Each structure stands twice: as structure tokens, then as C-alpha cells.
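Survey of secondary and tertiary structure
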Amino acid sequence: METIKVFCPATIANISCGFDVLGVALDSVGDEMVVQKTSVKGIRISKLEGQDLPMETLQNVAGVAGLALLEASDYQGGFEIEIYKKIKAGSGIGSSAASSTGAVWAMNELLGKPFSTLELVKFSMEGERLASGVAHADNVAPALFGGFTLVRSYDPLDVVTIPSPNELFATVIHPQIEVKTSDSRKVLKNNISLADGIKQWGNVGGLVAGLFKDDYDLIGRSLEDHIIEPIRSILIPGFDDVKAAAIEAGALGCGISGSGPSIFSFSKGGETAQNVGEAMKRIYQDIGIDFDIHISKINSEGIKMM
Ligand code: HSE
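On a predicted model such as this, the values are computed, not experimentally measured, just so you know. (Residues numbered from 1 in each chain as written. Predicted model: local features only at pLDDT ≥ 70, side-chain atom pairs only at ≥ 80, totals over all residues. Heavy atoms only, no water.)

The subject of this paragraph is the pairing of strand β1 (residues 3-13). Buried residues dominate β1, accounting for 9 of its 11 residues. With 10 bridges connecting them, β1 and strand β2 (residues 22-38) associate as antiparallel partners. Across the sheet, residue Ala13 finds its bridge partner in β2, namely Gly23. (Buried < 20%, exposed > 50% of the residue type's maximum accessible area, 1.4 Å probe, protein only. Helix = DSSP H or I, 4+ residues; strand = E, 2+ residues; numbered from the N terminus. Pairing = 2+ DSSP bridges.)

A few words now on the layout of surface pockets. Roughly 660 Å³ of volume is contained in the largest pocket. Along the wall of the largest pocket there are 37 residues; nearest its centre are Ala89, Gly90, Ser96, Ala131 and Thr181. Listed by contribution, the elements that provide at least two residues to the lining of the largest pocket are α2 (95-110), α3 (117-132) and α5 (181-186). If one sorts the elements of the lining of the largest pocket by residue count, α3 sits on top with 4 residues. (1 Å grid on protein atoms, 1.4 Å probe; cavity = no way out; pocket = protein on both sides within 12 Å on 5 of 7 lines; lining within 4 Å. Points joined across faces, edges and corners; volume = space filled by probe spheres on them.)

This part covers the environment of Asn14. Mapped onto the elements of the fold, Asn14 is located in the loop between β1 and β2. The class of Asn14 is buried, set by a relative accessible area of 7%. Sequence separation between Asn14 and Asn139 is 125 residues, and the spatial gap between their C-alpha atoms is 8.5 Å. Apart from residues lying up to four places away in sequence, Asn14 is in contact with Phe19, Asp20, Leu22, Asp138, Arg232, Gly258 and Ser259. (Contact = heavy atoms within 4.5 Å.)

The domain architecture assigned to the chain consists of domain 1 (3-162 + 301-305) and domain 2 (168-297). Taken together, the contact pairs 29 residues of domain 1 with 41 residues of domain 2. When domain 1 packs against domain 2, close to 2500 Å² is buried across both sides, 64% of that on carbon and sulfur atoms. Sorting the residues of domain 1 by area buried against domain 2 places Ser16, Cys17 and Phe19 first, and these three jointly supply 24% of that buried surface. The salt bridge involving Arg185 is made with Asp20; its shortest N-O contact spans 2.7 Å. Across the domain 1-domain 2 interface, the total number found is 14 residue pairs in polar contact (both at pLDDT 80 or more). Among the elements of the structure, β1, β2 and β6 (157-162) are those that each provide at least two residues to the side of domain 1 that touches domain 2. In the side of domain 1 that touches domain 2, the residues fall into 15 nonpolar, 11 polar and 3 charged. (Domains from an automatic or database assignment. Buried area = accessible area lost by both parts, 1.4 Å probe. Salt bridge = Lys/Arg side-chain N within 4 Å of Asp/Glu carboxyl O. Polar contact = N/O pair within 3.5 Å; in protein donor to acceptor, adjacent residues only side chain to side chain. Nonpolar A, V, L, I, M, F, W, Y, C, P; charged D, E, K, R; others polar.)

Following this line, the structure appears as C-alpha cells:
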């Protein structure tokens, strides 16, 4: 195989209580990429459609992640990459992660899979380092593994995959403002209180247990964030109203998707997820902010060939 076309899913990172450790892959929204082997060593981004992003290899997350893989490989040739962005940059649903993971996953397939999925996570994290200044793995891990993932440890890197209940749906609304992850990380405090820590790790454990047990109520009770949301939600217009409307419409829980400004809700069943979407939409229609909305099942396989 010399060329491959892949679907690279959007992802929700943090999932309220799990800052930098929890994430989930979505089904209905994602980028497309075409990756081709070439005899010229290195990575060339030959096409980038859909977003205004740099095409220079060292300025592009797919380029940087791809170079990390090439450095670890004994392959003597190179790759050309076409990127068709459907996920808006700065939307909070893993735009940079989709590009980094898509590049390394496709390259690995073309090379006959010399690297494990965990190694692909490490290469993709270099793209996240370029995009946000921090090599976080909570978007790239679910994009590569599919479903829900927990980064149990960064050093050494240890990623745990978590099953998803069949009827779990995500509704994500993206108010049309851009929030750079690097900026929304700068507003965070470096220290937390023991009292907040206790609440937060109780919820992380509860959410993981709820996903394993198909316990939708427990999932809902655990979708709380006592540390990051109170600070970051200030950057998102209408956040409290959107969250209240989502819960009122039947969502299990609601929070900031990644570093925002997108807001996600989880619901049991597609019909509730649609109703929740309508309720979230109405808030932005009333305050006159444009938005995109995505309603999606959980994507349990991650990146896939098209
Ligand atoms: N955990 C990261 C953050 C995710 O919240 O900054 C960015 O999408």
C-alpha cells in the first residue's frame, strides 16, 4: 500500500472532572487526510483545505507528529500529507489532535504497523506540544484508541481504555468564537485545595465506574468539575445558561469540551441528545451568537481507513 485515506475523529477532552486525563472520540465529526509514501525523506504537507493553518512541516501539528515517528523509524523515504479540515481550529473538540493522530496512524499503516498504539500516542503528543505548549494526551489517546480513554500516568505514559455504554450520545455546541488552548491554560491556577481534590478524584472514579457498569445516573452524577470549569467558563458566553438548559432538557451532565469554547452534554439515547441540542441552540439563538452543533454516538474504533 502506497496511499491511504483516513477519517480522524473529533474528541472531547477532560470530560468535566478529568482535566488532562480523560477523553472520548466522536463519530459524526472529524477530519479527512490522505497520506502517501514518497522517496523524498521527510514530511511535506501538500494540501490543506478547510482551515487557515500553516503548511510548513515544522509549524504544522501533523508535520511535527509525523517527524517524531520518522525519527523513531528506520524507513528511509518520506510522506506527503493532504489535510481536509472539518474540525475548526480552536473549537475545543480536538482539531490539532485529529491532524497529529491522523498523520501518524496513516504512516504507521503504510509502513506495516511497526509501532504500537501507545507509541503513536507519544508521537502525536508532539503535535499537541506545538499547538498548546503542553504535550497533553487526552485528545490524541481517544482519537487513536477509540472510545473513552484515561491517561493514568504521563511519566511513564500509561493509557487505559474504557468501554462505553451503547446508548450514550454526545451533543456538542460550538459558539463561533475561537479560544486557543494555550490561552485557556494560562488562566488556570497551579495549585488546588485538598477539598477540591477530594471532590474531583471522587468524580473521576465515579465516571470511570459508571462507564464500566453502564450506570447512566452515576455517569451523570460524576460529570462535575470543581477546579477548571469555574475559571474557564468565564471565557465562554452563555455557558451557565447553556448548561442549565441542557440539564433541563434531560442531559445526564454538561461541561466544557476540552479547553472550550465548545460545550458538551452526554445523554442516554439519541432522541434526548437531539432535544438537548435544541435546548442548547435556543440559548445562543436568543443571545445572537452563531454556533455549530454536533450530535454523535461514541466512536469506539477511533481513526479508521476510508
Ligand atoms: N486537557 C486539555 C486542556 C485539552 O484542557 O487544556 C485541550 O483540548
